[in-house]
Each structure stands twice: as C-alpha cells, then as structure tokens.
There are 2 protein chains.
Amino acid sequence: MATLHHYPLHPASRYVRLLLAEYGIELNLNTIVPWDSSGELVALNPAGSLPVFQDNQSGLIPGARVICEWIEDIYDESYLMPKTPVDRVEVRRMVDWFEDKFSREVSEPLVKERVIKFFDKDETISSQNLRLSIANAHIHMDYINYLAGQEAWLAGTQISLADLAAAAHISVLDYFGDIKWDEFPEAKTWYMKMKSRPSFRPLLADVIVGLAPARHYAVIDF
Amino acid sequence: MATLHHYPLHPASRYVRLLLAEYGIELNLNTIVPWDSSGELVALNPAGSLPVFQDNQSGLIPGARVICEWIEDIYDESYLMPKTPVDRVEVRRMVDWFEDKFSREVSEPLVKERVIKFFDKDETISSQNLRLSIANAHIHMDYINYLAGQEAWLAGTQISLADLAAAAHISVLDYFGDIKWDEFPEAKTWYMKMKSRPSFRPLLADVIVGLAPARHYAVIDF
C-alpha cells in the first residue's frame, strides 16, 4: 500500500488526500511535523516540503502539484483534470491561485500563527499578522464567492482539481472558525457540496491534540 | 500575432520566452513593470503577476507554469515535456523547484534588492538581504552542479522544461554577475549549452537602462 507523508493542518497535504480519496486510492498516512523534522523530510524530498507520496513501484513523488498531475496522467478513470487544453488552463490557473497566492497571503501566515506558534512556546503570536492573514482570506473569499456564483464548480461545470485545492486551503481556515460564512452565500453552498463528498470525511475527522476545531467544522450543513 | 506581457529581468517571464522561442512561436513582447502597474496587471491577470500570454484565439493565459503546460498540451511537435508519467514527475518537480523554492529563496529577494530598489529611490538596499540571497543561490548551485554531473540535462537525458526554468532564474543572477562559476564546473558546462541555444539569444540581448549587465553575461563561452 502507498504512503502519504503529510501533516493534518497542511493545505497542500489535504489537497492530495482529497484527490487520492476521490479515486479510492488506499494509503497509509504518515504524519510529519514539517517545521520540526527537517532531516527526515529532506531525506524524502530535497525541497524539504510536504506532501510526499511513496510506494514501492513509483518511489518518492514530492509536491502537491506534481503528485496530482501524475495521478491524472496515470489513472485511467480520472475526472478531475478536463480533457481540452483551454479547460485545463482554467483548472491549473485556479490550482496555482491557491497553491501560490492564497498560500502566501493566507494559509502560510495563518498556520504559522495558529499552529506552529502554538507548539513553539518560545514564539509569541502576532495578533497583527493573524488579523492580516484573516483580512486577506476574506478578500479571497469574495473572489471565490463570485466564481461559485458563475458555475456549479470553481473552474467550470465539472468538479476539478481547482475545487479540491481551494477546499483544502479553506478547510484549514474553517478548522479555526476564521471564515465569516454568512458574507459569502455562494461560496458557502459550494463548500457544503465539497464537505458532503465522501472524500472529505477523513479531513473532517482530523483533530490536533490541544487545538480543537471550531464547533461547526465537521458539520456538513453548517 | 500573440503578445507576451513580461518584464525582462523577471525569471518566470524569461522561462516562457525560452519555451516560445524553442518552438519558434513568434510574439510581441509588452513590458510591464510588475511592482508599479498593479491596475494594468490585474486587468490582465487577477492574480496580479507576470507573465501573461495573450492572443485573439486563446484570450489571456496567465502564469508561467500554466502557459508552459498549455503549450505542451497544444503544440504537436513539443519536446520539452517527456511522454512517460515518471519522467514528467521529475520535470515538474524541477520546474516547481525553481518556480517555488529558488524563487522565494533567491530570485525574489535578489530582484527586490537589485532591481526594484534601484528604481524606487525611497527604499534602501539591504546588503544583508542581498548577501543572504546570493548565499542561498550558491547552495542551490551546488545542487544544480550535482544534477548537471549526472546526466546531460537537469531532469534526464533530454532537454526539458526543467532546464528552461532553471536557466531563466540563473540568467537573472548572471546578469548581475552574482554566480561564482568557477566553483560549479558541471553547472557551468550545462549553462553554456543553454546559452548557445538560439532560443537564449533574445535574453542575452536584454538590457535595462541604467542597470548594465555583467561583462560576461552575453558571452556564450564565458
């Protein structure tokens, strides 16, 4: 069986978990604390980042985008990357939006304040950085709300990698109750659809000891 | 004819210019100063980043990785993305290495100190940040030197998108003479091969007024 080296509140790891679950690919999860295990992680991936997919046949496949493009390349019944080039552009644009832009402006600073500094007691939480990342999140939520109001899914009429990447990042914010959902009704409807998929269930069961999720986090009809 | 919205000393823009030149795709270059034109850039790409490809048939295609995957999808005689999934993994891993890791640790801070602050006279150049980005560059050069010693090209026996992405980033450092080439003989041999390709010539002719390139920058056999 394959192994995914991951961290539960790491958005890119969640993105790959959603993809593998959509295709019913069974796997062991091996939790690595990315900010506290540089030696172990660099041995798996010279870039020193999660997630890393590993199995006997394929060896080590590092990085969420690399893993997801690879699964789309090899999996016969894949349905998360469109077949026409112009539709693939939109899916990849949105994946990069979340994996690059949303990650830098929201997920990384938020995880730093809410998770890394929770475990590293030497570091003081910056309420200013936390507020900034949540303010940035709501600018992004406006855009997601707009996209979700245009078509059934973020990159068109079919579910795609774009929805998985987006939901992975948003789910980490939602774990901490950081999204004012009432302001984004279209995004909320879309996120409820994502949450109701069987692939999402394992993410809703994640709990980090000492860091309880927001009360509505695991509720599909929230 | 298509247009590429770019900036001459922007590595991701150079990466796409190399790809399009490899395939002989003619285009107009439209220079946009990315840190000084947010309105114009956001109208082309909501993410507010370069490069953006534009033509009448395809509309706007934003982002280096998105553009390059799209060209590989549509161009019949493409040869820069391997056909087998396992080889594609290695090419995409290396592209992400440069577009993510090298970009954050080297290119972005270096361009900030050497280019953005050159034009923005209100900002003081940080010699500490500059030194750190160049020190990081030399850690990366060690890795590139190792890879270049293993096979003819960075991701295997054939030239690929990985070589173009790598050369695009390195060429910006080399414009400023920031690489101690004597310490990296294998990387130097590989970079000379890249520089000697016809696709590279337009990059070697780039000159930013007021910021002259290092003397060896345009010399193929340096």
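Since this is a predicted model, take the numbers as computed values, not measurements.

1. Side note on the sheet that holds strand β4 (residues 59–62) of chain B
Residue and element names in this part refer to chain B. Spatial strand order, β2-β1-β3-β4: four strands in an open sheet with mixed pairing. Of all the strands in the sheet, just β2 (27–31) and β4 have a single pairing partner and so form its edges. Across the sheet, the mean angle separating the axes of adjacent strands is 20° when strand polarity is ignored. Across five bridges, strand β1 (residues 2–6) lies against β2 in parallel orientation. Looking at the pairing, T3 lines up with N28 of β2.

2. Overview of the environment of S13(A)
Residue and element names in this part refer to chain A. Turning to its location among the elements, S13 is positioned in helix α1 (residues 11–22). Given a relative accessible area of 0%, S13 falls into the buried group. Remark: the alpha-carbon pair of S13 and Y143, spanning 130 residues in sequence, is separated by 23 Å. Residues within four places of S13 in sequence aside, it is in contact with L4, H6, Y7, L50 and P51.

3. What to know about the environment of L9(A)
Residues and elements named next belong to chain A. The topology assignment puts L9 in the loop between β1 (2–6) and α1. Residue class for L9 comes out buried when judged on its relative accessible area of 0%. Spatially, the C-alpha atoms of L9 and Y191 are 18 Å apart, while their sequence positions differ by 182 residues. When neighbours within four sequence positions are excluded, L9 is seen to be in contact with R14, V111, V115, V172, Y175, F176 and I208.

4. What to know about the domain arrangement of chain A
All names here are of chain A. Considered domain by domain, chain A is made up of domain 1 (2–74) and domain 2 (85–204). Summarising the inter-unit geometry, the C-alpha centres of domain 1 and domain 2 are found 19 Å apart. Across the boundary between the two partners, domain 1 contributes 17 residues, which contact 25 residues of domain 2. With both chains or domains summed, domain 1 and domain 2 bury close to 2,000 Å², and 67% of this area falls on carbon and sulfur atoms. Counting the surface domain 1 buries against domain 2, the share from its top three residues, L9, Y15 and L18, is 32%. Counting every contact that joins domain 1 to domain 2 gives four salt bridges. Residue R197 pairs with E22 through a salt bridge whose shortest N-O separation is 2.7 Å. The tally of links between domain 1 and domain 2 comes to six residue pairs in polar contact (both at pLDDT 80 or more). When residues of the side of domain 1 that touches domain 2 are traced back to their parent elements, those giving at least two are α1 and α3 (64–74).

5. Section: the sheet that holds β1(A)
Residues and elements named next belong to chain A. Strands sit in the order β2-β1-β3-β4 across an open sheet of four strands; the sheet is mixed. Since the sheet does not close on itself, it has two edges, and those belong to β2 (27–31) and β4 (59–62), each with one partner. Between one strand axis and the next, the sheet turns by 20° as a mean value, whatever way the strands run. With four bridges joining them, strand β3 (residues 52–55) and β4 adopt antiparallel strand pairing. For D55, the partnering residue across the bridge sits in β4 and is G59.

Rules and cut-offs
Note on numbering: residues in each chain are counted from 1, in written sequence order. Here the convention is simple: chains get letters from A, ligands get numbers from 1, in the order in which they are written. Per-residue local features of the predicted model are confined to residues with pLDDT of at least 70, and side-chain atom pairs are confined, for both listing and counting, to 80 or more; whole-chain, interface and lining totals are unaffected and use all residues. Side-chain figures throughout are based on the complete set of non-hydrogen atoms in the structure, without hydrogens or water. What makes two strands pair is DSSP finding at least two bridges between them. The numbering of helices and of strands both runs from the N terminus, where a helix is a DSSP run of H or I of at least 4 residues and a strand a run of E of at least 2. Axis definition: a line fitted to C-alpha atoms, over the contacting stretch in the case of helices. Angles run 0 to 180 degrees between N-to-C directions. Residue burial is assigned from relative accessible area. The probe radius is 1.4 Å, only protein chains are included, and a residue is buried under 20% of its type maximum, exposed over 50%, and partly exposed in between. Any two residues whose heavy atoms approach within 4.5 Å at even a single point are treated as in contact. Domain borders in the structure are assigned automatically or taken from a domain database. A simple way to read buried area is as the amount of 1.4 Å-probe accessible surface that goes missing from two parts once joined, with both sides added. What counts as a salt bridge is simple: a side-chain nitrogen of Lys or Arg found within 4 Å of a carboxyl oxygen of Asp or Glu. The definition of a polar contact used here is a pair of N or O atoms within 3.5 Å, where within protein one atom must be able to donate a hydrogen and the other to accept one, and adjacent residues in sequence count solely through side-chain atom pairs.

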